[in-house]
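Here are the chains, one letter per residue:
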Amino acid sequence: MRFLKGHGTENDFVILPDPDGEVDVSAALVAKICDRRAGIGADGVLRVVRTKQCPEVAGQAAAAEWFMDYRNADGSTPEMCGNGVRVFARYLIDAGLADPQEFAVATRGGVRRIRVEPNGDITVDMGKPVVRGESVANVGGHEYTGVYVDMGNPHLACPIGDPVVQLDLTHQPGFDTGVFPTGVNIELFNPVGVSRAVMRVFERGCGETRACGTGAVATAVAAAALSGDTTGTWTVEVLGGTLTVILDEDTSYLSGPAVLVASGDLMLAE
């Protein structure tokens, strides 16, 4: 099958065009594709399929022609991916399958509105973040208290005093499985200056990634809460670049670059 490769602030994805829903993308196949030594290598897979072809999201077909069938690198199926939806949108635009200015994409987390900025960056309406209290992450024997932010997928965004560059995120941080029974994306961040944060992230189903879009929004929510705010524009520095998050009273927006870097024929089999 045909594939493309793209990334958003170095959070990278393999794109599988499957407009009529004819490809069986199993967890085993996804894991093989995402293997960085034996496969193409990626943090996840984006299957491009018409929304009406997928019963689980067919109710969104009137609002969005295309469904982002996103899978984590281990083959698991999360609810949402902020950088993934921007790369997905870039593919639709470049392939002539969507309005080059503004359109909608169906996801397991609901319909997401897309806007292309004058500089080429892609902005996504990420929906209103829901704060569900606090919890604790354990990294290298250190406990960090963070904010549980629901972005359609679960996040624990922890402000820390230790420099995030010094953290060892080669292993899954500890978390409360009673609070997060299906796992959680964990963000560790340093607030730096006004409306700015430096973040690292350990994503469930992937490990540490160079960026996480929903995690950037969760980080902005937690960083804003430190100063008693719920709105504003935040710059979030990740390993792969810089993302902009806008929080207002009704929703949140994620903005940043999304590029396609390669295409070819996939010869992997299960």
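Quick caveat, the model's predicted, so the values are computed rather than measured.

Colleague: Describe the pattern of salt bridges, naming the residues involved and giving the relevant values.
Modeller: Evaluated as defined, the whole model comprises 18 salt bridges. One salt bridge connects D43 with R36, and the closest N-O pair in it is separated by 3.0 Å. By relative accessible area, which is 8% here, D43 ends up buried. Residue R71 is joined to D69 by a salt bridge in which the shortest nitrogen-to-oxygen separation is 2.8 Å. On the basis of relative accessible area, D69 is assigned to the buried category, the value being 1%. In the salt-bridge network here, residues are joined through shared partners; they are D18, R47, E56, D69, R71 and R108.

Colleague: Describe the sheet that holds strand β2 (residues 11-17), with residues and values.
Modeller: Taking strand neighbours across the sheet as the criterion, the 5 strands line up as β4-β3-β2-β1-β17 in an open arrangement whose pairing is mixed. Edge positions in the sheet fall to β4 (66-72) and β17 (259-265), since each has one partner strand and no second. Neighbouring strand axes in the sheet, compared pairwise and without regard to direction, differ in orientation by 25 degrees on average. Where strand β1 (residues 2-8) meets β17, 6 bridges bridge the pair, whose relative direction is antiparallel.

Colleague: Please provide a residue-by-residue account of helix α3 (residues 213-226), values included.
Modeller: Its 14 residues give α3 an end-to-end C-alpha distance of 20 Å, which sits within 8% of 20 Å, the value for a rise of 1.5 Å per residue. Those residues of α3 not exposed but buried are G213, T214, G215, A216, V217, A218, T219, A220, V221, A222, A223 and A224.

Colleague: Give a description of the state of the cysteines that names residues and reports values.
Modeller: For the structure on display, the rule yields 0 disulfides. With no disulfide of its own, C54 has C81 as its nearest cysteine by sulfur position, at a separation of 17 Å. Since its relative accessible area comes to 6%, C54 is described here as buried. Between C212, a cysteine without a disulfide, and C81, which holds the nearest cysteine sulfur, the sulfur-to-sulfur distance is 6.7 Å. Exposure remark for C212: the relative accessible area of 3% places this residue in the buried category.

Colleague: So what's going on with the side chain of Q60? Which residues, and what values?
Modeller: Relative to the helices and strands, Q60 is located in the loop between β3 (44-50) and β4. Its relative accessible area of 16% is what places Q60 among the buried residues. Once you skip the residues sitting within four places of it in the chain, Q60 turns out to touch T51, A106, T107, G110 and V111.

Criteria and thresholds
Residues numbered from 1 in each chain as written. Predicted model: local features only at pLDDT ≥ 70, side-chain atom pairs only at ≥ 80, totals over all residues. Heavy atoms only, no water. Salt bridge = Lys/Arg side-chain N within 4 Å of Asp/Glu carboxyl O. Buried < 20%, exposed > 50% of the residue type's maximum accessible area, 1.4 Å probe, protein only. Pairing = 2+ DSSP bridges. Helix = DSSP H or I, 4+ residues; strand = E, 2+ residues; numbered from the N terminus. Axes fitted to C-alpha atoms, helices over the stretch in contact; angles between N-to-C directions. Expected span 1.5 Å × (residues − 1). Disulfide = S-S within 2.5 Å. Contact = heavy atoms within 4.5 Å.

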